[in-house]
Amino acid sequence: MAQREAAAHFNVDWSSRLWATSHGGVYVPVSEKTEPNPFLKNVPERDILTPSGRHLTLMNPAYMIRQMMEHYSELYGVLGRITSLKPLRDETSPDDWEKSVLISFEQGAREAGEVVEVKGRPFYRLMKPLVTERGCLKCHGSQGYEVGDIRGGLSVSVPLDPYLAAQKKEILTHSVSFSILWVLGLSGIFFFGRRLKSHAEEQQKT
């Protein structure tokens, strides 16, 4: 169930990224939360001014997905990350697990999933590679990537606490049910055993 949930979240992130990439990014209002991306400073029209005087900045797909991940992490507790062996930002540097998975992607692996602990809590972690597309070169062309290269990975971590709680509840329910059946079974054996013994004794007397 955790695997299916992780895959569902991944598919949403992946579809959103493909959509944003197909449009070359999206323009959003500049705010404290969304500052102009310094890695797009050489992109023409990164910042534009609308006729009404609103300042808009171009948000690339990775930036957009990162903000989406932050939002649903706050809402649902599901963690998401984009990372790479050549990160542009320190915040996207891979941890040990991510690094080993990214190396496996470069060796041909297409997916990795594992139960790991994150800050002392169990999570199911799913990660798939990010393949460089033409739209990615706007930000990452300077790093030497070409279309088709493995540029990094997109991961989703689903908390297992609700699943483990449900599992514990189900085990308890089954334990109680089987215990009741066991007691009823023993009681039935004892009751019918007494009756059978009594009947046998009456036959013996006869």
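Keep in mind the model is a prediction, meaning the values are calculated, not measured.

1. Examining the pattern of salt bridges
In total, this model carries seven salt bridges according to the counting rule given. Note that Asp161 is salt-bridged to Arg121, the shortest N-O span being 2.9 Å. One end of the pair, Asp161, is in helix α5 (residues 161-205); the other, Arg121, is in strand β6 (residues 121-131), and 40 residues separate them in sequence. By relative accessible area, which is 32% here, Asp161 ends up partly exposed. For Arg121, a relative accessible area of 37% puts it in the partly exposed group. Here the residues in one salt-bridge network are Arg81, Asp95, Glu98 and Arg125, joined through shared partners.

2. Some thoughts on the sheet that holds β6
Taken together, the four strands give an open sheet; going across it, the order is β4-β7-β6-β5, and neighbouring strands pair in antiparallel fashion. Unpaired on one side and paired on the other, β4 (79-83) and β5 (112-118) mark the two borders of the sheet. Sheet twist, expressed as the average angle between the axes of neighbouring strands with direction ignored, equals 25 degrees. Direction of pairing for β4 relative to strand β7 (residues 150-159): antiparallel, over a ladder of five bridges. Each bridged residue has a counterpart across the sheet, and for Leu79 the counterpart in β7 is Ser157. Along the sheet, helix α1 (residues 2-22) makes contact with β6 and β7, crossing β6 at roughly 35 degrees.

Rules used throughout
Residues numbered from 1 in each chain as written. Predicted model: local features only at pLDDT ≥ 70, side-chain atom pairs only at ≥ 80, totals over all residues. Heavy atoms only, no water. Salt bridge = Lys/Arg side-chain N within 4 Å of Asp/Glu carboxyl O. Helix = DSSP H or I, 4+ residues; strand = E, 2+ residues; numbered from the N terminus. Buried < 20%, exposed > 50% of the residue type's maximum accessible area, 1.4 Å probe, protein only. Pairing = 2+ DSSP bridges. Axes fitted to C-alpha atoms, helices over the stretch in contact; angles between N-to-C directions. Contact = heavy atoms within 4.5 Å.

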